[in-house]
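So you can see what is in the structure, the chains are spelled out below.
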Amino acid sequence: MADLRSSLAGIRSPNPFWLASAPPTNSGYQVMRAFAAGWGGAVWKTLALEPIVNVTSRFGGYDVGATKMIGMNNIELITDRPLDVNLREIAECKAAYPDRAIVASLMTDCTRERWHELVHAVETVRVDGFELNFGCPHGMSERGMGSAVGQDPELIETVTRWVKEAAHVPVVVKLTPNITDVRYAARAAVRGGADAVSMINTINSLIGVDLDSWLPIPHVDGKSSHGGYCGPAVKPIALNMVGSCASDPQVGVPISGIGGVSTWRDAAEFFLMGATNVQVCTAVMHHGFRIVADMIDGLTNYLDARGIASVNDLIGKTVPRFVSWNDLNLDYQIVARIDPDACINCNRCYIACEDAAHQCIERPADPALKPVVDEEHCVGCNLCSMVCPIEDCIEMVRVDAGTTSHTWRERLSVPS
Ligand SMILES: Cc1cc2nc3c(=O)[nH]c(=O)nc-3n(C[C@H](O)[C@H](O)[C@H](O)COP(=O)(O)O)c2cc1C
Ligand code: SF4
Ligand code: SF4
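Residues numbered from 1 in each chain as written. Chains lettered and ligands numbered in written order. Predicted model: local features only at pLDDT ≥ 70, side-chain atom pairs only at ≥ 80, totals over all residues. Heavy atoms only, no water.

For the chain, an unreviewed UniProt entry supplies the name dihydrouracil dehydrogenase (NAD(+)) and the organism Vulcanimicrobium alpinum. Turning to the chain, the UniProt annotation filed under Function (unreviewed entry) states: "Involved in pyrimidine base degradation. Catalyzes physiologically the reduction of uracil to 5,6-dihydrouracil (DHU) by using NADH as a specific cosubstrate. It also catalyzes the reverse reaction and the reduction of thymine to 5,6-dihydrothymine (DHT)." According to its UniProt record, the chain has this under Cofactor (unreviewed entry): "FMN". (UniProt positions renumbered as here; feature names shortened; annotations may be inferred.)

Here it is as structure tokens:
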């Protein structure tokens, strides 16, 4: 059976599935139950020297059709429980589950003294690492913390250095996606001495407006504020950010992948794109701690079926294939081909190609006949196969000889 043991910059866990710092890691009661369910690690709900005050209400869900919570938005802040209570519960969890990773997420004001004070206070109990919350985009950022740090590479480097001066365990820097190019933030964390980076925290958002009351959602006594967006909808953004950092030689530290991970498949994609482990929040808020059992089974079966001995053998395997647009082969040509036996004549491909692609699906006059692709004019954009409701009905087929390659970089001699 495949080995799922994982180590993020020396923080070991029996599997690569961690809970992200969020409501599921708010208390010892929850983290104990999560560990009993099988989670390999937990990043505790962000700790501060003094508790903050939260608002009610604080979450909003984004449903698409019948699918609930494709995304969610929150205006919750960090922990609102006293530090000593959190620390006592961390110690209890560590004593009960010594093999699991417990990482303390930290946030405080931007002074060296305050960061040292927080690190010293938290190190009075055993934690396996620190995660610096430079990502929370609401509330704390307006007080100069969270993403206010994560959006400023100089501050990222400075604060990371302060923490490294004081810490005796590995330091992970959690990055905000609310930035133009996450690599600059990751490089700054590395310059400051980060042992690993994690990404992403939530994306600035407003989930919606109630069309009856005209109030923003969620509202607090008639007013709202921008919040943090997460859940399955953000996975592509997170995956791109993980991949861009994994392929950047100036980053070069392990990455903990966060953002929309709901299944073992999502996790495997993050590993292939360079993440050493994954952290999960929204999927647990939606379905509970029990989802980890399927994640462990699914990943184990996937690895076993391919004869892969360890989950670590997946890490970064797709990264060399994630290149600049300038390095894509312009000679590669595919076209769509419709299987008339599978087609149910719903016309979706025809409408998509006619209105939004290249007008190259022909609809025979006889309604009994199936649509046909004019392969000479098809540009192989994939749209028809994406809208087709029947699996494998439209195949994308390679039509170039596969013997030549030429890239935009070669064409224009673009420097790399
Ligand atoms: C309600 C809520 C509260 C959160 N609180 C924190 C927090 O205290 N510290 C932190 O670093 N991230 C916090 N996050 C962000 C998550 O840890 C995670 O980065 C984000 O939700 C993306 O993962 P997901 O798509 O699996 O939810 C919070 C997220 C939610 C939804
Ligand atoms: S791949 Fe694009 S261009 Fe080709 S038939 Fe489908 S929609 Fe039209
Ligand atoms: S979308 Fe698929 S099933 Fe519908 S007409 Fe086109 S090929 Fe046939």
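The structure having been displayed, the exposition proceeds.
Here we come to the site of ligand 1. In the region of ligand 1, 24 residues are neighbours, and Ser21, Thr46, Lys174, Gly260 and Thr282 sit closest. Taking Gly231, its main chain carries an N or O atom lying 2.9 Å from an oxygen atom of ligand 1. With respect to ligand 1, the backbone of Gly260 contributes an N or O atom lying 2.7 Å from an oxygen atom. Isolated, ligand 1 exposes 610 Å² of accessible area, and the fraction of that covered by the protein chains is 98%. Counting atoms within 2 Å of the grid points, the majority share of ligand 1 lands in the largest cavity. Here the shell around ligand 1 is built from residues that sort into 11 nonpolar, 10 polar and 3 charged. (Near = heavy atom within 4 Å. Polar contact = N/O pair within 3.5 Å; in protein donor to acceptor, adjacent residues only side chain to side chain. Areas by Shrake-Rupley, 256 points an atom, 1.4 Å probe, with all protein chains shown as cover. 1 Å grid on protein atoms, 1.4 Å probe; cavity = no way out; pocket = protein on both sides within 12 Å on 5 of 7 lines; lining within 4 Å. Sits in = over half its atoms within 2 Å of the grid points. Nonpolar A, V, L, I, M, F, W, Y, C, P; charged D, E, K, R; others polar.)

To continue, consider the pattern of salt bridges. Counting across every chain of the model gives 21 salt bridges. With a closest N to O distance of 2.7 Å, Arg183 and Asp181 form a salt bridge. (Salt bridge = Lys/Arg side-chain N within 4 Å of Asp/Glu carboxyl O.)

Another point: helix H11 (residues 348-356). Among all positions of H11, only Cys349, Tyr350, Ala352 and Cys353 are buried. Looking straight down H11, one finds its buried side chains confined to an arc of 170°; they lie on one side. Turned more than 90 degrees off the buried face of H11, the exposed positions are Asp355 and Ala356. Looking at the buried side of H11, the elements it contacts are strand E17 (334-338), strand E18 (361-362), helix H12 (383-387) and strand E20 (394-398). (Buried < 20%, exposed > 50% of the residue type's maximum accessible area, 1.4 Å probe, protein only. Helix = DSSP H or I, 4+ residues; strand = E, 2+ residues; numbered from the N terminus. Arc of directions from axis to C-beta. Contact = heavy atoms within 4.5 Å.)

The 8 strands are arranged E3-E4-E7-E8-E9-E10-E15-E16 in a closed barrel whose pairing can be described as parallel. Here the average twist between neighbouring strands, direction ignored, is 25°. In this sheet, strand E16 (residues 275-280) lies alongside strand E3 (residues 17-19) in parallel orientation, the contact comprising 3 bridges. Paired with Trp18 across the two strands is Gln279, which belongs to E16. (Pairing = 2+ DSSP bridges. Axes fitted to C-alpha atoms, helices over the stretch in contact; angles between N-to-C directions.)

The subject of this paragraph is the pairing of strand E6 (residues 67-74). Relative to E6, strand E5 (residues 59-64) runs antiparallel, the two sharing 5 bridges. Paired with Phe59 across the strands is Asn74, a residue of E6. Where E5 folds back onto E6 in an antiparallel hairpin, the turn is made up of 2 residues, including Gly65, whose phi is positive at roughly 60°. By the bridge criterion, 3 bridges tie E6 to strand E14 (residues 227-230) in an arrangement that is antiparallel. Note on E14: the bridge partner recorded for Met72 is Cys230.

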